[in-house]
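Listed here are the chains, written in short residue letters.
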Amino acid sequence: MADIARITEIVELEAKALGFDLVRVRYFKGGEIGPLSDEEEYTLQIMAERPDTGQLVIEDCAALSHRISDRFDALEEAGEVLINDAYRLEVSSPGIDRPLTRSKDYAQWAGHEARVSLTNPVDGNRKSLQGDLIGIDGDVVTLDDKKSGRVSFPLADIHSAKLVLTDKLIAATRPLDTSGADDILEEEQED
């Protein structure tokens, strides 16, 4: 198994060293990007972003992936094994319909639609909510749920949350950096 708190601590240090903010670290069985081989049963998923753009370009993902792998290898050589299982390392930008994982996400994305899954129910035993995010006050998140109206709940009660892809979100999202995309297309066409 894996000590996710220790892994997160190490990954966050490596992300910060490159000037990135860590968005999420997940360790789970299976994979979200393509099939896993018989030997790879787990995925270590890292999401990070540049503070100024809210994204990572491919070169950023590669740099962070190499840095994390090198750090894990160095720790293993020193006797600290972080993950005993075979796993796949996925490093990515959080994307437009990003997960909401930090307090600042609930403030930054207020006014946009979000889907929230709670560990403790609110308003008539509801654990799944969807609606416009009002924001966060201290450690309390408020959402205009489509079914229940305005509900508030502790940040600590959120199991998972993510933005919903809407026209408003697309309009509010900074354009992705497409530098180098033409080079990739030309290489594919030549093959």
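The notes below deal with the structure included here. Since the model is a prediction, treat every value here as computed from it, not as a measurement.

**Re a negative patch on the surface**
Alright, step 1. The grouping of D70, D73, E76 and E77 at the surface amounts to a negative patch.
Alright, step 2. Within the secondary structure, E77 is located in helix α2 (residues 58–77).

**Thoughts on the side chain of T142**
Alright, step 1. Mapped onto the secondary structure, T142 falls in strand β6 (residues 140–145).
Alright, step 2. The exposure class of T142 is buried, given its relative accessible area of 16%.
Alright, step 3. At 2.8 Å, the side chain of T142 and the side chain of S152 are in polar contact.
Alright, step 4. Not counting chain neighbours up to four residues away, the residues in contact with T142 comprise L133, I134, G135, R150, V151 and S152.

**Considerations on the packing of helix α1 (residues 4–17) against α2**
Alright, step 1. It is at 10 Å that the axes of α1 and α2 come closest, and there the two elements cross at 130 degrees. If you check the angle between α1 and α2, you find them oblique. The way α1 lies across α2 gives a crossing that is right-handed. Along its contact with α1, which presents R6, I7, I10, V11, E14, A15 and A17, the element α2 presents L64, R67, I68, R71, F72 and L75.

**Structural notes on α1**
Alright, step 1. For α1, with 14 residues, the first-to-last C-alpha span of 20 Å sits near the 20 Å given by 1.5 Å per residue.
Alright, step 2. Restricting attention to buried positions, one finds in α1 the residues I7, I10, V11, E14 and A15. Down the axis of α1, the buried side of the element spans an arc of 135 degrees, and every buried residue falls inside it. Relative to its buried face, α1 has exposed residues pointing more than 90 degrees away, namely A5 and L13.
Alright, step 3. In the core, the buried residues of α1 are packed alongside β1 (21–29), β2 (42–49) and α2.

**Quick look at the nonpolar core**
Soluble globular proteins tend to pack their nonpolar side chains together in the buried interior.
Alright, step 1. Formed by 22 residues in total, the largest nonpolar core has its most connected members in I7, V11, L44, I46, L64, F72 and I83.
Alright, step 2. For this core, the secondary-structure elements that each account for two or more residues are α1, β1, β2 and α2.
Alright, step 3. The element contributing the most residues to this core is α2, with five residues.
Alright, step 4. When sequence neighbours within four positions are dropped, the list of residues in contact with F72 reads I7, I10, V11, L44, L82, I83 and Y87.
Alright, step 5. Counting residues in hydrophobic clusters, the runner-up holds 17 residues, among them I158, A161, L163 and L169.

**Regarding the sheet that holds strand β4 (residues 113–122)**
Alright, step 1. Strands sit in the order β7-β6-β5-β4-β8 across an open sheet of five strands; the sheet is antiparallel. Each of the sheet's edge strands pairs with one partner strand only, and the pair in question is β7 (149–154) and β8 (158–163). Adjacent strand axes in the sheet meet at a mean angle of 40 degrees when their direction is disregarded.
Alright, step 2. Here β4 runs beside strand β5 (residues 126–137); their pairing, made up of six bridges, is antiparallel. Bridging from a neighbouring strand, A114 pairs with G131 of β5.

**With respect to the pairing of β7**
Alright, step 1. Here six bridges tie β6 to β7, and the two strands are oriented antiparallel to one another. When the sheet's bridge partners are listed, D145 is paired in β7 with G149.

**Focus: the pattern of salt bridges**
Alright, step 1. In total, this model carries 14 salt bridges according to the counting rule given.
Alright, step 2. Residue E80 pairs with R6 through a salt bridge whose shortest N-O separation is 2.6 Å. With E80 in the loop between α2 and β3 (87–92) and R6 in helix α1, the pair connects residues that are 74 residues apart, well separated along the chain.
Alright, step 3. Judged by its relative accessible area of 27%, E80 falls in the partly exposed class.
Alright, step 4. Between E113 and K146 there is a salt bridge, and its shortest N-O distance comes to 2.9 Å. With E113 in strand β4 and K146 in the loop between β6 and β7, this pair connects stretches of sequence that are 33 residues apart.
Alright, step 5. For K146, a relative accessible area of 60% puts it in the exposed group.

Conventions we followed
- Residues numbered from 1 in each chain as written.
- Predicted model: local features only at pLDDT ≥ 70, side-chain atom pairs only at ≥ 80, totals over all residues.
- Heavy atoms only, no water.
- Patch = residues over 30% accessible without salt bridge, like charges linked within 9 Å, V, L, I, M, F, W, Y side chains within 5 Å.
- Areas by Shrake-Rupley, 256 points an atom, 1.4 Å probe, with all protein chains shown as cover.
- Salt bridge = Lys/Arg side-chain N within 4 Å of Asp/Glu carboxyl O.
- Lys, Arg positive; Asp, Glu negative; His and termini not counted.
- Charge placed at Lys NZ, Arg CZ, Asp CG, Glu CD.
- Helix = DSSP H or I, 4+ residues; strand = E, 2+ residues; numbered from the N terminus.
- Buried < 20%, exposed > 50% of the residue type's maximum accessible area, 1.4 Å probe, protein only.
- Polar contact = N/O pair within 3.5 Å; in protein donor to acceptor, adjacent residues only side chain to side chain.
- Contact = heavy atoms within 4.5 Å.
- Axes fitted to C-alpha atoms, helices over the stretch in contact; angles between N-to-C directions.
- Parallel < 35°, antiparallel > 145°, perpendicular 65-115°, else oblique.
- Left-handed = near helix turned anticlockwise from the far one by under 90°.
- Expected span 1.5 Å × (residues − 1).
- Arc of directions from axis to C-beta.
- Core = buried A, V, L, I, M, F, W, Y, C linked by side-chain atoms within 4.5 Å.
- Pairing = 2+ DSSP bridges.

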